[in-house]
Structure formats: structure tokens, C-alpha cells
Amino acid sequence: RMSIWVEGAYGTGKSHAVLTLKKLLDSSNDELKEYFDKYSDVLSHDLYSEFYNIKNQERKVLTVHRYGSSDVRNDKILMEYIQESIIKALKENGFSYFGQVGLKDAMIDWLSIASNKNYFNEIIHEEEYRVKFGGISADDVLNQLKTWTADKAVQELIEKVSSVGEDKGIKPFVLHKEDLKTWILDVIGKNNLKAIFFIWDEFSDYFDLNKGNLSGFQFLVEMSETQPFYLCIVTHKSDIFFANL
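Residues numbered from 1 in each chain as written. Predicted model: local features only at pLDDT ≥ 70, side-chain atom pairs only at ≥ 80, totals over all residues. Heavy atoms only, no water.

Caption draft 1: A look at the overall build of the chain. Counting secondary structure elements, the chain contains twelve helices and four strands. Projected onto its principal axes, the C-alpha positions of the chain cover 65 × 45 × 35 Å. Put simply, the chain has 245 residues, and 45% of those count as buried. Between the mean site of the 29 positive side-chain charges and the mean site of the 38 negative ones, the chain shows a separation of 2 Å. (Helix = DSSP H or I, 4+ residues; strand = E, 2+ residues; numbered from the N terminus. Buried < 20%, exposed > 50% of the residue type's maximum accessible area, 1.4 Å probe, protein only. Lys, Arg positive; Asp, Glu negative; His and termini not counted. Charge placed at Lys NZ, Arg CZ, Asp CG, Glu CD.)

Caption draft 2: Structural view of the pattern of salt bridges. In this structure the tally under the stated criterion is nine salt bridges. For Lys190, the salt bridge is made with Asp186, and the minimal N-O distance between the two is 3.0 Å. Note that Lys190 and Asp186 are positioned in helix H10 (residues 177–190) at a spacing of four residues, about one turn of the helix. The class for Asp186 is buried, based on a relative accessible area of 17%. (Salt bridge = Lys/Arg side-chain N within 4 Å of Asp/Glu carboxyl O.)

Caption draft 3: Local environment of the layout of surface pockets. Taken as a whole, the second largest pocket holds about 380 Å³ of empty space. Taken together, 14 residues line the second largest pocket, and the ones lying closest to its centre are Leu25, Ile54, Val61, Phe197 and Tyr230. Elements supplying a minimum of two residues to the lining of the second largest pocket: helix H1 (14–26), helix H3 (45–55) and strand E3 (193–201). Of all the elements, H3 adds the most residues to the lining of the second largest pocket, at four residues. When its residues are assigned to classes, the lining of the second largest pocket shows eleven nonpolar, no polar and three charged. (1 Å grid on protein atoms, 1.4 Å probe; cavity = no way out; pocket = protein on both sides within 12 Å on 5 of 7 lines; lining within 4 Å. Points joined across faces, edges and corners; volume = space filled by probe spheres on them. Nonpolar A, V, L, I, M, F, W, Y, C, P; charged D, E, K, R; others polar.)

Caption draft 4: Region of the structure containing unusual backbone geometry. Positive phi is not limited to glycine here, since Asn192 has a value of about 55 degrees. Mapped onto the elements, Asn192 comes out in the loop between H10 and E3. Not every positive phi belongs to a glycine, and Glu202 is a case in point at roughly 55 degrees. You can see Glu202 is positioned in the loop between E3 and helix H11 (204–209). Judged by relative accessible area, which is 23%, Glu202 ranks as partly exposed.

Caption draft 5: Quick peek at the environment of Asp75. As for its placement among the helices and strands, Asp75 is situated in helix H4 (residues 75–92). Put simply, Asp75 and Gly216 are 141 residues apart on the chain and 5.2 Å apart in space, counted from C-alpha to C-alpha. Not counting residues up to four positions away in its chain, the partners in contact with Asp75 are Lys177, Tyr206, Asn213, Ser215 and Gly216. A polar side-chain atom of Asp75 sits 3.3 Å from the main-chain amide nitrogen of Gly216. (Contact = heavy atoms within 4.5 Å. Polar contact = N/O pair within 3.5 Å; in protein donor to acceptor, adjacent residues only side chain to side chain.)

Caption draft 6: Just the nonpolar core, in detail. Ile86, Phe120, Phe133, Val141, Ile184, Ile196 and Phe229 are the most contacted members of the largest nonpolar core, which totals 56 residues. Apart from residues no more than four positions distant in its own chain, Phe229 is found in contact with Ile82, Ile86, Ile184, Ile196, Phe198, Leu220, Met223 and Ser224. (Core = buried A, V, L, I, M, F, W, Y, C linked by side-chain atoms within 4.5 Å.)

Shown next as C-alpha cells:
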């Protein structure tokens, strides 16, 4: 129950190491055995057994990979990218549930702000969205999100709203960190996952940009102590980030 920090100078194989780890977690049993047979002189059979047991449990470990953090200037962006990357990985792995319950609450909060609602209303009355939304208003969307209880109907509406956000570069479904924790646990539970293993390569820039406030990062790392969410960051030598602390 801990997160992982991989560090080293340029060219030391950090990215290759974490991608290999991801591939081993995602691979078939035959691919796993082939890899360990190939490197049997340096990899132990006990390690192979550990990987095999993890991969062949009833519940799957979802691996997530993200690269670069040069624009993560605050906690809001950090949480947004965590959420965005998990949703992308769920879709790539064929899952149909990506936390619609939590997303619905976030959309309700966003649309409850008058300026956001007016902007959204203008968008869904554009020709390309009018048919998709059936000509309803942003007020109708907000009321349906608040009152609908049928899972399929709510899911379809959330997917429509999400598509607008993706097309227009707006994020009506970004969660705050406490809500993000609830959302991650909901995603794990509803998809019957064993855990989420989140690899974030080239994370060095995050520390340069957020030297005075690491609370969001600390929140994510501390989740690993009690919840099946594990963060694996990859940076250059860490002493340069904390030399003055």
C-alpha cells in the first residue's frame, strides 16, 4: 500500500522501466512467461509468480499512463489530468462505466453557475448539437441531471454533455480532490477492479511549478495507504526539487 517514485539522470532507462512494468501488467500469460524465460538469468521465478498471481485474479488491475507535466500549474489541473487519464484508460480497455455518478454531480455544479449555463445553452443550440440534444435547453439538461434516476438515460445524457466539453475545450465534469477520491473508488467498485496503477512519466516539471504547494500531490499519494490507487511518478534526480527545504 504505497506509491512509487522512480528517479534518475537522463538516459538511465526510467521511461523504459515503467513502460515495461505496464506491459507486464497488461500482457497475456503467454507473453509474461516468454519475457521471464528470455531474461531468466536476471529475473527470479518468484517475481514471475507474483506477476502471474496479480494478473490472474478475478479482478483486473487497470494501468494508466501519462507523459509530461509542464502545464500542471495547480491542484485543479492535476486532478483534471488524473481524471481524464483514467477515463481514457477505461475506454481503451472496453469499460462502459467511467464514474457517471460523480460526473453527474460535477456537471450539476458547473451548470448551476449562470454564466456557464448560458454558454452551454448557446452551444447546444448550434446546428451540430441541436439534433443530439433534441432541441432542449441548458435548463432542461440541468433539471434532467438533477431528477433522472434511470442509469442508462443519465449515462447517455452525461456522454452528450461530455462530448460538448471535449469538442469545445471546456471541462464541465472536472472534480475537486475530495470528490475525485470518491469518484476513483466508484470507478474501481463499479468496474470490479482490483486497483488502478497510474504511471506519470516526466513528472519533474510539476515540482518546479508547484514548489510552494504540494497538497494535491500529497493527497494522491496518501490515497495509496488506504485505497487501491497507486501513483508511480518518474522524475530526474529529486534532490534538485527540495534543496532549499
